Amino acid sequence: MIDEDVGTISPELSNYQMVDNQIDTSFMTHQTRKTQNLVILKPRFEDWLYRRAQINGIKISDYRLPSLPRDLKRIPHYKMRSGFKDLITDLMEIDPLVSEISNWLRSEERRVGK
């Protein structure tokens, strides 16, 4: 999983083909290694995450995280914080897109929407 943050898009991306391109998320599969999938979050991961929380009525402040995505990015190792982990867990339970991403990255079938 990558995001569109400056400097994160790899030249190897040309080895992937688009399976589903949504406004804020793209699902891709490797052209020769069909069990190797990729998800691109748009634009940056932190912005995407806060948007998913907002869409699902989740208050970021309930997770002891900064109110702005750019402030989250400034915190070293924020992904190790319990509040961040709790937010991801809750989003996986209530947000169909987050659940779909999780399934896409773990599934061998690799079909979006299944």
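Our structure's up above, just so we're on the same page.
Basis of the calculations
- Residues numbered from 1 in each chain as written.
- Predicted model: local features only at pLDDT ≥ 70, side-chain atom pairs only at ≥ 80, totals over all residues.
- Heavy atoms only, no water.
- Phe/Tyr/Trp six-rings, centres within 6.5 Å; stacked < 30°, edge-to-face > 60°.
- Helix = DSSP H or I, 4+ residues; strand = E, 2+ residues; numbered from the N terminus.
- Buried < 20%, exposed > 50% of the residue type's maximum accessible area, 1.4 Å probe, protein only.
- Pairing = 2+ DSSP bridges.
- Contact = heavy atoms within 4.5 Å.
- Axes fitted to C-alpha atoms, helices over the stretch in contact; angles between N-to-C directions.
- Core = buried A, V, L, I, M, F, W, Y, C linked by side-chain atoms within 4.5 Å.

Student: Any chance you could break down the packing of aromatic side chains for me, citing the residues and the numbers?
Tutor: Under the definition given, this model contains three aromatic pairs. Each ring, one from Phe-27 and one from Trp-104, has its centre 5.6 Å from the other, and the planes form 85 degrees; the classification is edge-to-face. You can see Phe-27 sitting in strand S3 (residues 25–30) and its partner Trp-104 sitting in helix H4 (residues 96–106), a full 77 residues away along the chain. Both residues of the pair, Phe-27 and Trp-104, count as buried. A ring pair is formed by Phe-45 and Phe-84, whose centres lie 6.1 Å apart and whose planes are at 65 degrees; its orientation type is edge-to-face.

Student: Tell me what's going on with the sheet that holds S3, and back it up with residues and numbers.
Tutor: One open sheet accounts for four strands, arranged S1-S4-S3-S2; its pairing is mixed. Every interior strand has two partners, whereas the edge strands, strand S1 (2–3) and strand S2 (16–21), have only one. Where S3 lies against strand S4 (residues 37–41), five bridges are found, and the strand directions are antiparallel. Across the sheet, the residue bridging to Thr-25 is Leu-41, located in S4. Sheet strands in contact with H4 are S2, S3 and S4, and its direction is about 10 degrees off that of S3.

Student: Account for the nonpolar core, with residues named and values stated.
Tutor: Counting 22 residues, the largest nonpolar core has Trp-48, Leu-49, Leu-65, Leu-72, Leu-87 and Ile-101 as its most contacted members. When residues of this core are traced back to their parent elements, those giving at least two are S4, helix H1 (45–55), helix H3 (82–94) and H4. In terms of residue count, the dominant contributor to this core is H1 (five residues). Not counting residues up to four positions away in its chain, the partners in contact with Leu-87 are Leu-49, Ala-53, Ile-58, Ile-60, Tyr-63 and Leu-65.

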